[in-house]
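Results of the structural survey
Here is what each chain is made of, one letter per residue.
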Amino acid sequence: MSVAFTRDEDFEAAAANLPDRPVSPHPNLVTPEGLAQLEAAFAEAKTAYTAAQASGLINEDRTAMARATRDLRYYTARLGSAQRIDPVAMPERVVFGCTVTILREAKNRENRREQTFRIVGEDEADPTKGSVSWVSPLARALLGKDIGDEVQVGGAGVEIMSIR
């Protein structure tokens, strides 16, 4: 057998042994939207798994099967541990699921910046879309605080401007 064939087979075998996606040790709090996202991701993983099985090419494309199997395990675990938290209509304090506007401290007052984000579950957090995980340092510092409260995050001051 050629060395080239051995290396290809070794590469495919290594690719098929994908490590599991890490599961957070924190409680799996989710918003209703986050639960829907987990359910959709599970359905997508199930479809990918079924397609990989039906293709009959499992031995040729073990990576697709491994990826689908890994994702099914992950989303099954996440759905099984999901704790849905419904939003509070008019929160008086920063709570899971609320939207918070903060003012970040700067060296001079002109460079202070306002930011708005929603505190959500780990799987649904996306800072580029305005959401942060409830276990992030910023969210942890703000949870339970009121409008006007100031906290320190990463060595800088943050003031809560609004909660909704």
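So, here is what we can say about the structure in this document. (Residues numbered from 1 in each chain as written. Predicted model: local features only at pLDDT ≥ 70, side-chain atom pairs only at ≥ 80, totals over all residues. Heavy atoms only, no water.)

**Topic: the side chain of Arg104**
Along the polypeptide, Arg104 turns up in strand E3 (residues 99–104). At 2.3 Å, the side chain of Arg104 and the side chain of Gln115 are in polar contact. (Helix = DSSP H or I, 4+ residues; strand = E, 2+ residues; numbered from the N terminus. Polar contact = N/O pair within 3.5 Å; in protein donor to acceptor, adjacent residues only side chain to side chain.)

**Examining the packing of aromatic side chains**
Overall, the coordinates contain 1 aromatic pair when judged by the stated rule. Aromatic side chains Tyr74 and Tyr75 sit 5.0 Å apart centroid to centroid with 80 degrees between the ring planes, which places their arrangement in the edge-to-face category. There is no split in this pair, since Tyr74 and Tyr75 are both buried. In this structure, Arg21 packs its charged tip against the face of Tyr74, placed 4.2 Å from the ring centre. (Phe/Tyr/Trp six-rings, centres within 6.5 Å; stacked < 30°, edge-to-face > 60°. Buried < 20%, exposed > 50% of the residue type's maximum accessible area, 1.4 Å probe, protein only. Lys NZ or Arg CZ within 6 Å of the ring centre and 35° of its normal.)

**Considerations on the sheet that holds E3**
Overall, mixed pairing links the 5 strands, which are arranged E5-E4-E3-E7-E6 in an open sheet. Two strands bound the open sheet, and with one partner strand each, they are strand E5 (131–133) and strand E6 (150–153). Within this sheet the neighbouring strands show an average axis-to-axis angle of 45 degrees, counted without direction. As paired strands, strand E4 (residues 113–120) and E5 are joined by 3 bridges and run parallel to one another. Note that in E5 the partner of Arg118 across the bridge is Ser131. (Pairing = 2+ DSSP bridges. Axes fitted to C-alpha atoms, helices over the stretch in contact; angles between N-to-C directions.)

**Some details on helix H2 (residues 32–54)**
The end-to-end C-alpha distance of H2, which contains 23 residues, comes to 33 Å, matching closely the 33 Å that a straight helix rising 1.5 Å per residue would cover. What H2 keeps buried is the set Gly34, Leu35, Leu38, Ala41, Ala45 and Ala52. (Expected span 1.5 Å × (residues − 1).)

**Digging into the packing of H2 against helix H3 (residues 62–81)**
Where H2 contacts H3, the axes come no closer than 8 Å and their chain directions differ by 150 degrees. Of the possible angle classes, the one that applies to H2 and H3 is roughly antiparallel. By crossing handedness, the relation of H2 to H3 is classed as left-handed. Counting all contacts with H2, which are made through Leu35, Leu38, Glu39, Ala41, Phe42, Ala45, Lys46, Ala48, Tyr49, Ala52 and Gln53, the residues of H3 involved are Ala64, Met65, Ala68, Thr69, Asp71, Leu72, Tyr75, Thr76, Arg78 and Leu79. A per-class count over the contact of H2 with H3 returns 14 nonpolar, 3 polar and 4 charged. (Parallel < 35°, antiparallel > 145°, perpendicular 65-115°, else oblique. Left-handed = near helix turned anticlockwise from the far one by under 90°. Contact = heavy atoms within 4.5 Å. Nonpolar A, V, L, I, M, F, W, Y, C, P; charged D, E, K, R; others polar.)

**Let's talk about the pairing of E3**
The two faces of the sheet receive side chains in turn, since in a regular strand these alternate between them. With 6 of 6 residues buried, E3 is to be regarded as a mostly interior element. Strand direction decides the pairing type here: E3 and E4, joined by 6 bridges, are antiparallel. Residue Thr101 lies in a different strand from E4, and its bridge partner there is Thr116. Both E3 and strand E7 (residues 156–163) contribute to a ladder of 5 bridges, which runs antiparallel. Of the residues in E7, the one forming a bridge with Thr101 is Ser162.

Everything listed here is a matter of geometry and, on its own, says nothing about what the molecule does.
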